[in-house]
Amino acid sequence: KNLPGAAIVWETSNKDIVKVVGGQLYYTGRTGKAKVTPTFKAGNVTYRGNAVTLNIMKFVDSIEVTKKYANQELYSGKSLGMYAIVDEYATTRRVTWSLIGDGDSEVASINPTTGLIRAKKGLTEQVEITVQAMATDGSGETDELDVIIYPLATKVAITSTFKTIEVGDDEKQVTAKVFPFAE
């Protein structure tokens, strides 16, 4: 509508988020939702404008990816939980998990919601994968962690050096080598 010389009067549903001071809208610095509605007045004519809902958020500004249990290792055919430490003041602290290295999806999979990695069975050599957590709030914040998948032993060879075992009435010295070797 055309209301020449109309004065705008603002209303807010949440003064903790948006305040009206001297006919102007001011953001308070807090997060949350507030509905603001303009009313136009010119003489004895009043027109109420459409309300707009503002959703004020604080985006994630830091993520740190760690293993759920610091000293836990990942072995072929087994699982490992990941954990994201996200900026404590962010409005939305959720992340999406992914494997981002070339060929990572051929040796493991990751649940995009929980961060649980499942290593494929039958790996015969040590492999490194890269796990990424990305904030879901649109900030683009990410962090990555390299995780090593160790193969399970395929055989054990016993040779006679170092340790002793009893075989009947005799003691024999033995040592074991586990194949494949983790380097």
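Residues numbered from 1 in each chain as written. Predicted model: local features only at pLDDT ≥ 70, side-chain atom pairs only at ≥ 80, totals over all residues. Heavy atoms only, no water.

1. As for the pattern of salt bridges
Link 1 in the chain: For the coordinates displayed, the defined rule picks out five salt bridges.
Link 2 in the chain: Measuring nitrogen to oxygen at the nearest pair gives 3.1 Å for the salt bridge that ties Glu 11 to Arg 48. Of the two residues, Glu 11 sits in strand 1 (residues 7-12) while Arg 48 sits in strand 5 (residues 45-48), which places them 37 residues apart along the sequence.
Link 3 in the chain: A residue is classified by how much of its surface remains accessible, and Glu 11, at 36% relative accessible area, is partly exposed.
Link 4 in the chain: When its relative accessible area of 48% is taken as the criterion, Arg 48 is described as partly exposed.
Link 5 in the chain: As a salt-bridge pair, Glu 73 and Lys 67 come within 3.8 Å of each other at their nearest N and O atoms.
Link 6 in the chain: Glu 73 sits in the partly exposed class, given a relative accessible area of 33%.
Link 7 in the chain: Here the residues in one salt-bridge network are Lys 58, Asp 61 and Asp 87, joined through shared partners. (Salt bridge = Lys/Arg side-chain N within 4 Å of Asp/Glu carboxyl O. Helix = DSSP H or I, 4+ residues; strand = E, 2+ residues; numbered from the N terminus. Buried < 20%, exposed > 50% of the residue type's maximum accessible area, 1.4 Å probe, protein only.)

2. Observations concerning the environment of Tyr 26
Link 1 in the chain: Mapping Tyr 26 onto the fold places it in strand 3 (residues 24-27).
Link 2 in the chain: For Tyr 26, a relative accessible area of 43% translates into the label partly exposed.
Link 3 in the chain: Here the alpha-carbon distance between Tyr 26 and Lys 15, two residues eleven residues apart in the chain, equals 9.4 Å.
Link 4 in the chain: Once you skip the residues sitting within four places of it in the chain, Tyr 26 turns out to touch Ile 17, Val 18, Lys 19 and Val 21. (Contact = heavy atoms within 4.5 Å.)

3. Some remarks on the sheet that holds strand 9 (residues 79-86)
Link 1 in the chain: With antiparallel pairing, four strands are arranged side by side in an open sheet as 7-9-12-11. Two strands close off the open sheet at either side, each with one partner strand: strand 7 (63-67) and strand 11 (108-110). Within the sheet, the average angular offset between the axes of one strand and its neighbour, ignoring direction, is 25°.
Link 2 in the chain: Direction of pairing for strand 7 relative to strand 9: antiparallel, over a ladder of five bridges. Bridged to Val 65 within strand 9 is Ala 84. (Pairing = 2+ DSSP bridges. Axes fitted to C-alpha atoms, helices over the stretch in contact; angles between N-to-C directions.)

4. As for the environment of Val 65
Link 1 in the chain: Tracing the backbone through its elements, the reader meets Val 65 in strand 7.
Link 2 in the chain: The sequence separation of Val 65 and Val 131 amounts to 66 residues, and the corresponding C-alpha distance is 8.3 Å.
Link 3 in the chain: When neighbours within four sequence positions are excluded, Val 65 is seen to be in contact with Met 82, Tyr 83, Trp 97, Ala 133, Asp 143, Glu 144 and Leu 145.

5. Brief notes about the packing of aromatic side chains
Link 1 in the chain: Per the stated rule, a full pass over the model turns up two aromatic pairs.
Link 2 in the chain: Judged by centre distance (5.7 Å) and plane angle (40°), the ring pair of Tyr 75 and Tyr 150 falls under tilted. Highlighted residues: Tyr 75 in strand 8 (residues 74-75) and Tyr 150 in strand 14 (residues 142-150), separated in sequence by 75 residues.
Link 3 in the chain: The exposure class assigned to Tyr 150 is buried, which follows from its relative accessible area of 19%. (Phe/Tyr/Trp six-rings, centres within 6.5 Å; stacked < 30°, edge-to-face > 60°.)

6. Some remarks on the pairing of strand 12 (residues 116-119)
Link 1 in the chain: Every second residue of strand 12 is oriented toward a common face, the buried set being Ile 117 and Ala 119 and the non-buried set Leu 116 and Arg 118.
Link 2 in the chain: Where strand 9 and strand 12 come together, three bridges link them in antiparallel fashion. When the bridges of strand 12 are listed, Gly 81 appears paired with Leu 116.
Link 3 in the chain: When strand 11 meets strand 12, the two strands line up antiparallel, connected through three bridges. Bridge pairing in strand 12 links Ile 110 to Ile 117.

7. Section: the nonpolar core
Nonpolar side chains tend toward joint burial in soluble globular proteins.
Link 1 in the chain: Counting residues in each nonpolar core, the largest one holds 24 residues, and the members touching the most others are Ile 63, Met 82, Trp 97, Ile 117, Ile 129, Val 131 and Ile 149.
Link 2 in the chain: Taken together, the elements giving at least two residues each to this core come down to strand 7, strand 9, strand 10 (95-99), strand 11, strand 12, strand 13 (127-135) and strand 14. (Core = buried A, V, L, I, M, F, W, Y, C linked by side-chain atoms within 4.5 Å.)

Remember that the coordinates give geometry; whether it matters functionally is a separate question.
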